[in-house]
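# Descriptive analysis of the structure
Here is how the chains run, residue by residue.
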Amino acid sequence: RAVCLLAAGVALYFGTDMRGGIPLLEDALASARRAGRADAARTASAQLTMAHSLCGNWEEADSYATDVTAGPTASQAAGSAAYGREYAAWVQGRFDEAQALVDCIPRGINPRLDASLELSQLQLDMAQGSDSGAAARLATLIDHARRRGFTSSFAQLGWGAGCWRM
C-alpha cells in the first residue's frame, strides 16, 4: 500500500497536480509506519519534504526533512530531502545555506539527480554572479540524458545552459 501511494503521489507532483500529491504522500507515510517499513517511511518523508518545498510550505518541509536526516546520509531519500531543502533556501535568498546543501548531496545516486544538482549550482552561480563551471557540466549531463532517452531530464533541465549563455 505504501509503495503504491508513493508512486501515485510522486506521479502527481511531477505531473499536473503538485499539491494533489501531498495527501497521497502523507497516506504513504502513515501506511509505511503502520507496516514497520522504515525505508518506505523515509522515502515518503523525503518526497513530502520536496513537495512542500516546491509549494513554499517551508515549515512542513523542514518537519518532514527531520524524519529523513535521522537515517543514512548516502541514500536516495537523503538526497531528495536535501534537494528540497536546497530549493527552499535558494528561493528564499539564503544562498550560503543552499550552497552548503548542494555540496553535501551525494553525487552518483542517479543521473537525473546529478543533472538537477548541476542546475541548482548554476542557479546559485547566476544569483551570486559567480562561475563554478556548472553550465558546462550541466550541458554534458543533458547530452548524456538525451542519448539515453531520459526525456524528462532534458525537458526539465535543458533551459539552464541556454539561460547561462544569455
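Calculation notes
Residues numbered from 1 in each chain as written. Predicted model: local features only at pLDDT ≥ 70, side-chain atom pairs only at ≥ 80, totals over all residues. Heavy atoms only, no water. Salt bridge = Lys/Arg side-chain N within 4 Å of Asp/Glu carboxyl O. Helix = DSSP H or I, 4+ residues; strand = E, 2+ residues; numbered from the N terminus. Buried < 20%, exposed > 50% of the residue type's maximum accessible area, 1.4 Å probe, protein only. pLDDT = per-residue confidence, 0-100. Core = buried A, V, L, I, M, F, W, Y, C linked by side-chain atoms within 4.5 Å. Contact = heavy atoms within 4.5 Å.

## What to know about the pattern of salt bridges
The final tally for this structure, using the stated rule, is five salt bridges. Arg 94 is paired through a salt bridge with Glu 97; the nearest N and O atoms lie 2.6 Å apart. When the shortest N-O distance is used, the salt bridge between Arg 137 and Glu 118 registers 3.0 Å. With Arg 137 in helix H8 (residues 134-148) and Glu 118 in helix H7 (residues 111-128), this pair connects stretches of sequence that are 19 residues apart. Taking the relative accessible area as the measure of exposure, Glu 118 reaches 9% and is therefore buried.

## What about the confidence of the model for the protein chain?
Put simply, the protein chain has an average pLDDT of 85, and 93% of its residues get 70 or more. When pLDDT is averaged over each element of the protein chain, helix H6 (residues 95-104) comes out on top at 93 and helix H9 (residues 151-157) at the bottom at 73.

## Structural notes on the nonpolar core
Judged by nonpolar contacts, the single largest core of 24 residues is most densely connected at Tyr 13, Leu 25, Leu 29, Leu 48, Tyr 83 and Ile 105. For this core, the secondary structure elements donating two or more residues are helix H1 (2-14), helix H2 (18-35), helix H3 (38-55), helix H5 (76-91) and H7. Looking at this core, the element that brings in the most residues is H3, giving seven residues. If we skip the residues at most four places from it in the chain, Leu 29 touches Ala 41, Ala 44, Ser 45, Leu 48 and Tyr 64. By size, the runner-up hydrophobic cluster in this structure holds eight residues, among which are Ala 115, Ala 134, Ala 135 and Leu 157.

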